[in-house]
Amino acid sequence: MIEIKQIQKIYTNGKHLTKAVGPVNMDIRQGEILGLVGESGSGKSTLGKMLIGLEAPTSGTINYRGKPLWEKKKYKRIRPGEIQSVFQDPQSSLDPRMRIKDIILEPLLGLPGSERKEKANPERLRKLIHRVGLKEEHLSRLPHEFSGGQRQRIAIARALVTEPTFLVLDEPTSALDVSIQAQILNLLKELQQERQLTYLFISHNMSVIRYMCERVAVMYKGDIVEIGITKEIFENPQHPYSKKLLSSVLSVNGRENRSYAEIL
């Protein structure tokens, strides 16, 4: 679905150059959940932002279904709403002045009129709200009236309203309590299977990556140092940085710390 070739992102501050990403080569296969893992500052989120149009690559190409996403520093949407995202902090990613109904329907403003009308159908909205675990009465409320987990459910509904095929999930559970994390992870897994979605799942939590992803790419200082089947990387990591990440893994239920060898 997505081919990333020699992608680089370099920030310039006067004469000082800072490499954030790359060069990176990576493919994302249709229908898979690909994990992107690394510590803070490794370049994970920057790579995700280049996929959704928030950051322009310095060089290299990103092809989506064979067509470039970037041309001459301009983001070329294949179809409005085809690629969506869920961000880390649902409190800051939801406009505090907007009602939940308006937040969820806002992405439809980028669609043609007839498609916008169809996707904003009240019955369709009702089904979507129920599917993510919310109620119709929530639609008239403001974000501050909800818990963190409920706000992330709102953000997921907003991402799904355009019927995307590819989602970038940037640390979607790291701001939530551990007990709520499991609920949101299960919801995301179910939705991926029901809707045949493709995910890039960005995280620093190896347990979450292990639970969610079929393949994983390990990022270190802007470079992909290892990529492969999740089970194989957990059982036999090759790169020293991968071994370091796996040396102490917090289990997904949050009850215990064990070495990665003990949880295999």
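Residues numbered from 1 in each chain as written. Predicted model: local features only at pLDDT ≥ 70, side-chain atom pairs only at ≥ 80, totals over all residues. Heavy atoms only, no water.

> For the overall build of the protein, give the residues involved together with the corresponding values.
Helix and strand counts for the protein stand at 11 helices and 14 strands. Against the globule reference of 18 Å for 264 residues, the protein gives a C-alpha radius of gyration of 19 Å, in line with a compact fold. In the protein, buried positions account for 48% of the 264 residues. Sequence separation of at least 24 residues holds for 66% of the intrachain contacts in the protein that already meet a minimum separation of 6. About 13,100 Å² of surface is accessible on the protein, with carbon and sulfur atoms providing 47% of the total. (Helix = DSSP H or I, 4+ residues; strand = E, 2+ residues; numbered from the N terminus. Rg over C-alpha atoms; globule rule 2.2 N^0.38 Å. Buried < 20%, exposed > 50% of the residue type's maximum accessible area, 1.4 Å probe, protein only. Contact = heavy atoms within 4.5 Å. Areas by Shrake-Rupley, 256 points an atom, 1.4 Å probe, with all protein chains shown as cover.)

> Break down the sheet that holds strand β2 (residues 16-28) for me, citing the residues and quoting the values.
In spatial order, the strands read β2-β1-β4-β5; together these 4 strands make up an open sheet with antiparallel pairing. Strands with a single pairing partner mark the edges of an open sheet, and in this sheet they are β2 and β5 (67-68). Strand direction decides the pairing type here: strand β1 (residues 2-13) and strand β4 (residues 59-64), joined by 5 bridges, are antiparallel. Bridge pairing in β4 links Ile4 to Ile62. Contacting β1, β2 and β4, helix α1 (residues 44-52) crosses the sheet at an angle of about 115 degrees to β1. (Pairing = 2+ DSSP bridges. Axes fitted to C-alpha atoms, helices over the stretch in contact; angles between N-to-C directions.)

> Let's hear about the environment of Glu82: which residues, and what values?
Relative to the assigned elements, Glu82 resides in the loop between β7 (74-75) and β8 (83-86). Residue classification places Glu82 among the buried residues on the basis of a relative accessible area of 9%. The sequence separation of Glu82 and Leu167 amounts to 85 residues, and the corresponding C-alpha distance is 8.6 Å. When residues no more than four places from it in sequence are discounted, the contact partners of Glu82 are Tyr64, Arg65, Pro164, Thr165 and Phe166. Polar contacts involving the side chain of Glu82 include one to the side chain of Tyr64, which spans 2.8 Å. (Polar contact = N/O pair within 3.5 Å; in protein donor to acceptor, adjacent residues only side chain to side chain.)

> Describe the confidence of the model for the protein, and please don't skip the residues or the numbers.
Of all residues in the protein, 94% attain a pLDDT of 70 or more, and the chain-wide mean is 90. Within the protein, the lowest mean pLDDT, 36, falls on helix α11 (residues 260-263), and the highest, 97, falls on strand β3 (residues 33-37). Every residue in residues 250-264 scores below 50 in pLDDT, and together they form 32 contacts with partners more than four places removed in sequence or on other chains. (pLDDT = per-residue confidence, 0-100.)

> Outline the sheet that holds strand β11 (residues 215-220), supporting the account with residue identities and numerical values.
Reading across the sheet, the 6 strands line up as β8-β9-β10-β3-β11-β12 and stay open at both edges, with mixed pairing between neighbours. In the strand order of this sheet, the two ends are held by β8 and β12 (223-229), each with one partner. Strand-to-strand twist of the sheet, defined as the mean angle between neighbouring strand axes without regard to direction, takes the value 20 degrees. In this sheet, β11 lies alongside β3 in parallel orientation, the contact comprising 4 bridges. Among the inter-strand pairings, Leu34 is bridged to a residue of β11, identified as Arg215. Strands in contact with helix α7 (residues 178-195) are β3, β9 (166-170) and β10 (198-203); relative to β10, the strand with the most contacts, it is inclined by about 155 degrees.

> Let's hear about the pairing of β1: which residues, and what values?
Both β1 and β2 contribute to a ladder of 9 bridges, which runs antiparallel. Pairing of Ile7 across the sheet is with Val24, part of β2. Between β1 and β2, which follow one another and run antiparallel, lie 2 residues, and Gly14 among them has a positive phi close to 65 degrees.

> Account for the packing of helix α6 (residues 148-160) against α7, with residues named and values stated.
Closest axis-to-axis distance for the α6/α7 pair is 10 Å, and the angle between their directions is 15 degrees. The angle between α6 and α7 places the two elements in the roughly parallel class. Seen along the crossing, α6 lies across α7 with a hand that is right-handed. Facing Gly149, Gln152, Arg153, Ile156 and Leu160 of α6, the residues of α7 in contact are Ile180, Gln183, Ile184, Leu187, Leu188, Leu191 and Arg195. Residues that form the contact of α6 with α7 fall into these classes: 7 nonpolar, 3 polar and 2 charged. (Parallel < 35°, antiparallel > 145°, perpendicular 65-115°, else oblique. Left-handed = near helix turned anticlockwise from the far one by under 90°. Nonpolar A, V, L, I, M, F, W, Y, C, P; charged D, E, K, R; others polar.)

> Explain the environment of Ala157 residue by residue, including any values.
Among the secondary structure elements, Ala157 is positioned in helix α6. Between the C-alpha atom of Ala157 and that of Tyr75, which follows or precedes it by 82 residues, the distance is 24 Å. Not counting residues within four places of it along the chain, the set of residues in contact with Ala157 comprises Ile104, Leu128 and Val132.

> Let's hear about the environment of Gln238: which residues, and what values?
Looking at the element boundaries, Gln238 is found in the loop between α9 (230-235) and α10 (240-246). The spatial distance from the C-alpha of Gln238 to the C-alpha of Ile103 is 44 Å, given a sequence separation of 135 residues. Residues contacting Gln238, with those up to four places away along its chain left out, are Glu226 and Lys243. Of the polar contacts made by the side chain of Gln238, one reaches the backbone oxygen of Asn236; its length is 3.0 Å.

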